[in-house]
Amino acid sequence: MSRALLCALLPLAAVAARADAPAADLVYRNGHVYTVDGQDSVQQALAVRAGRIVYVGENAGVKPLIGRRTRVIDLRGRMLMPGLVDAHMHPQSGGSRLLNCSLDYLPLTVPQFQARIQACLDRDKTTAPDRPLLVVNWFQQGMRPVGTVTTAAILDALRTARPVIVRSSFGHSVQLNSRAIALAGIRRDTPDPAGGRIMRDAGGAATGLLEDAAQDLAMRLLPPLTGPENLAASKAALTAMRRQGITSFLDAWTDIETMTAFATLQRQGGLTARAHFAVLVELDKGASPQGAVAEVVKQQARFDQGPTRAAPSMQVRHAKLFMDGVIAAPAFTGAMLAPYLVNKGTADQPDWQPGTSSGPSSYFPAPVLRATLVELARAGIDPHIHADGDRAVRESLDAVAALRATEEGKRTRPALAHAEIVDPGDYARFAQLDVTPVLSFQWAKPAPDTVGALAPYLGPARYATVQPQALLLDAGARVAYGSDWPVDPLDAWFALKVAVTRTAAPGAGKEYAGRLTAQPGMPRAAVLRAATMHAAWTLRQEAATGSLEVGKLADLIVLDRHFFTVPDEDIASIRVLQTVVGGKVVYEAGELNRKPFRP
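Every value quoted in this text rests on a predicted model; they were computed, and no experiment measured them.

Draft legend 1. Representation of the pairing of strand E8 (residues 84–89). Of all six residues in E8, six are buried, a share of seventy percent or more. Relative to strand E15 (residues 246–254), E8 runs parallel, the two sharing four bridges. The residue of E15 that forms the bridge with Val85 is Ser248.

See the structure below:
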């Protein structure tokens, strides 16, 4: 829906006040209705008919819309706001991990790491001896003590003959035991694949730790999920989203099996969030930019279900590109402008000096990236680019600058995901080039993956700029939110809290107390806009969702407390009491109608 059409629909609010106006399906009143409109206005009441918002305003104006069959919800002062839009997640992986052996993102010692995996092996005694055990949600950067590096020997100590594959929650590393190394065909002379690295010991033998594209050597050992398993993963993901209040999402790296599962749920009426998919563009297997984009368009023709409408549907309008890996130790696969530091002293008397590595060459060389972006723009596909290090960010922005000089490139909506470190000279370029940084807010806190795995290797000056959420916002960028689930647990309200405070959870430990660097947090209104209107904009859905305005689709949530009035740390404790998508209630907690509200 265009902005002009939306403005044309605004008089419906006045029509709704007439005595002969059709009754609404759903009415909210006596609430704190936070609209996220152009003025961030707050109203008292809202009405929904046929999946769309037909009234937003004062309590008195909604009365004519209440009929015999209208469901009326007395909010009793509770906050009503637009549903959350998650502009970067991996729902199928998140859903399937809920069904796997999980290390639950916990910081673990080696004995704890081994004990949890052994418990999974002991429970799974009926599996064939050659079937790998996949272990997920491994917080690799949180291994204790700080600096612990895993090898195959740690897994070889387990009581099993099975191959074991342990996948980092970041999604960029896997650790194998010796059995899995052998089955993967990894030998002393096996070369590193393009865009990946096989970690080796001082003698040149593989340690079983595989980075980025090298993970494929192990992951191909896993049997593909069956149709029922894929469907179960999709259902589990949507259940988790409903409880969080997520009403739209982008699957930031999809495949045909995932889209098939979601299409099945959509046909069955089980799709409870607006589903957008980014098809991976890979050129390391001999494909040309033209051929790779043609494959994206082919999958779009198969799965895209057309314009956004009241009932949730599927859209395939994005392509995923990887420019680098992750900047944190021990991977160091983020592409940096200056070298990572190395300790040339001792553990007791460290001497951190520039090393020889600035991370890998960008996974898309500059001419190839420019050509790929042009092909995507011609096809009407928006690029969603993983760029973690400051060199990957700069090279991506340079390519977008070239793209903007073309006629097709003026219409595209590029996004850079993560941008964990950005050179200050590039802050203003996001706004100048109209590039949206899609950021995982929960990373901006003291934690093993920042304090331990970043600070010493970047040095004080660079470390001071990590997770530049407010810095990009202040430079005029349209900052959007993406959880990157299952890299972290799906906990949107904790992430929004961190965006405001840059602090860890109170129980994280004294070593992680305080704020991450001296950077400011984001204002609360900017945080909510990032997770609603700005994220909707990246999905080309801002005219239909992202704010509570007459004529827009009724994607909304009810909270158990006010986002703007609770103490900063309590933002993480906010619970969603009701989630509505296209006017249909898809999740509701019993206390919405029972429990008195005390602001």
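On we go.
Draft legend 2. Seen up close, helix H16 (residues 455–463). Among the residues making up H16, those that are buried are Leu458, Gly459, Arg462 and Tyr463. On its buried face, H16 sits against strand E18 (341–343) and helix H15 (448–452).

Draft legend 3. Geometry of the packing of helix H12 (residues 366–378) against helix H13 (residues 390–404). Here H12 crosses H13 at 50°, and the two axes come no closer than 9 Å. When the axes of H12 and H13 are compared, the pair comes out oblique. The handedness of the crossing between H12 and H13 comes out as right-handed. For the pair formed by H12 and H13, the contact residues are Leu369, Arg370, Leu373, Val374 and Ala377 on the first element and Glu395, Ser396, Ala399, Val400, Ala402 and Leu403 on the second.

Draft legend 4. Spotlight on the UniProt feature "domain: Amidohydrolase" (unreviewed entry) in the chain. UniProt records the feature "domain: Amidohydrolase" (unreviewed entry) for residues 71–587 in the present numbering. Secondary structure over residues 71–587 splits into 31% helix and 20% strand, and the C-alpha atoms at its two ends are 15 Å apart.

Draft legend 5. Examining the pairing of E15 more closely. Counting buried residues in E15 gives eight out of nine residues, a clear majority hidden from the surface. Examined bridge by bridge, E15 and strand E16 (residues 274–280) share five bridges and lie parallel to one another. Residue pairing for E16: Phe249 is matched across the bridge by Ala275. In this fold, the crossover linking E15 to E16 by way of helix H10 (residues 256–268) has right-handed handedness.

Draft legend 6. Just helix H9 (residues 227–244), in detail. For H9, spanning 18 residues, the distance from its first C-alpha to its last is 26 Å, which sits close to the expected 26 Å at 1.5 Å a residue. Residues Asn230, Leu231, Ala233, Ser234, Ala236, Ala237, Leu238, Met241, Arg242 and Gln244 constitute the buried set of H9.

Draft legend 7. Expanded view of the environment of Gly94. In this structure, Gly94 sits in helix H4 (residues 91–97). Separated by 43 residues in sequence, Gly94 and Asn137 place their C-alpha atoms 9.6 Å apart.

Draft legend 8. Up close: the nonpolar core. With 86 residues, the main nonpolar core has Phe441, Trp493 and Phe563 as its most contacted residues. Look past the residues within four positions of Trp493 in its chain and what remains in contact with it is Met81, Leu84, Gln244, Ile557, Leu559, Phe563, Ile571, Ala572, Ile574 and Val576.

Draft legend 9. Molecular detail of the sheet that holds strand E4 (residues 45–49). The four strands are arranged E5-E4-E1-E6 in an open sheet whose pairing can be described as mixed. What marks the edges here is a single partner per strand, and that holds for strand E5 (52–57) and strand E6 (71–74). Direction aside, neighbouring strands of the sheet carry axes that sit 15° apart on average. In this sheet, E5 lies alongside E4 in antiparallel orientation, the contact comprising five bridges. The partner of Val48 across the bridge, within E5, is Ile53.

Draft legend 10. Spotlight on the sheet that holds E16. Spatial ordering of the open sheet is given by E8-E15-E16-E17-E20-E21-E22-E23, a layout of eight strands whose pairing is parallel. This sheet does not close on itself; its edge strands, each paired only once, are E8 and strand E23 (480–481). Relative to strand E17 (residues 314–322), E16 runs parallel, the two being bridged by five bridges. The residue bridging Ala275 from the neighbouring strand is Met314, located in E17. Strand contacts of H12: E17 and strand E20 (382–387), with the helix running at about 170° to E17, the strand carrying the most contacts.

Draft legend 11. Structural detail: the confidence of the model for the chain. Scored by pLDDT, the chain has a mean of 93; 96% of the residues are at 70 or more. Across residues 1–17 the pLDDT falls below 50, and counting only partners more than four positions away or on other chains, this stretch makes 29 contacts in the model.

Draft legend 12. Highlighting the environment of Leu321. Mapped onto the elements, Leu321 comes out in strand E17. Sequence separation between Leu321 and Arg116 is 205 residues, and the spatial gap between their C-alpha atoms is 34 Å. Non-local contacts of Leu321, meaning those with residues more than four positions away in its chain, are made with Val281, Phe364, Leu369, Thr372, Leu373, Leu376, Pro383, His384, Ile385 and His386.

Thresholds applied
- Residue numbers restart at each chain and count upward from 1, following the sequence in its written direction.
- With the structure being a predicted model, the display of local features is reserved for residues of pLDDT at least 70 and the display and counting of side-chain atom pairs for 80 or more, all residues being used for whole-chain, interface and lining totals.
- Hydrogens and water are ignored here; the side-chain numbers use all heavy atoms of the structure.
- Only protein chains enter the area calculation, which uses a 1.4 Å probe; residues under 20% of their type maximum are buried, those over 50% are exposed, and those in between are partly exposed.
- Each helix is a run of H or I in the DSSP string that is no shorter than four residues. Each strand is a run of E no shorter than two, and both are numbered from the N terminus.
- Strand pairing is assigned whenever DSSP detects at least two bridges linking the two strands.
- It only takes one pair of heavy atoms within 4.5 Å for two residues to be counted as in contact.
- Here an axis means a line fitted to C-alpha atoms, over the contact stretch when the element is a helix, while the angle between two N-to-C directions is reported on a 0 to 180 degree scale.
- An angle below 35 degrees is treated as roughly parallel, one above 145 as roughly antiparallel, one from 65 to 115 as roughly perpendicular, and anything else as oblique.
- A crossing counts as left-handed when the near helix is turned anticlockwise from the far one by less than a right angle, and as right-handed when that turn is clockwise.
- UniProt positions are given in the numbering used here, feature names are shortened, and annotations may be inferred rather than shown by experiment.
- The path from the first strand over the helix to the second decides the hand: if it runs clockwise while the strands point away from the viewer, the crossover is right-handed.
- Helix span, as expected, comes to 1.5 Å for every residue beyond the first.
- Buried Ala, Val, Leu, Ile, Met, Phe, Trp, Tyr and Cys residues that are joined via side-chain atoms within 4.5 Å together make up what is termed a nonpolar core.
- A score between 0 and 100, pLDDT records how confident the predictor is in each residue.

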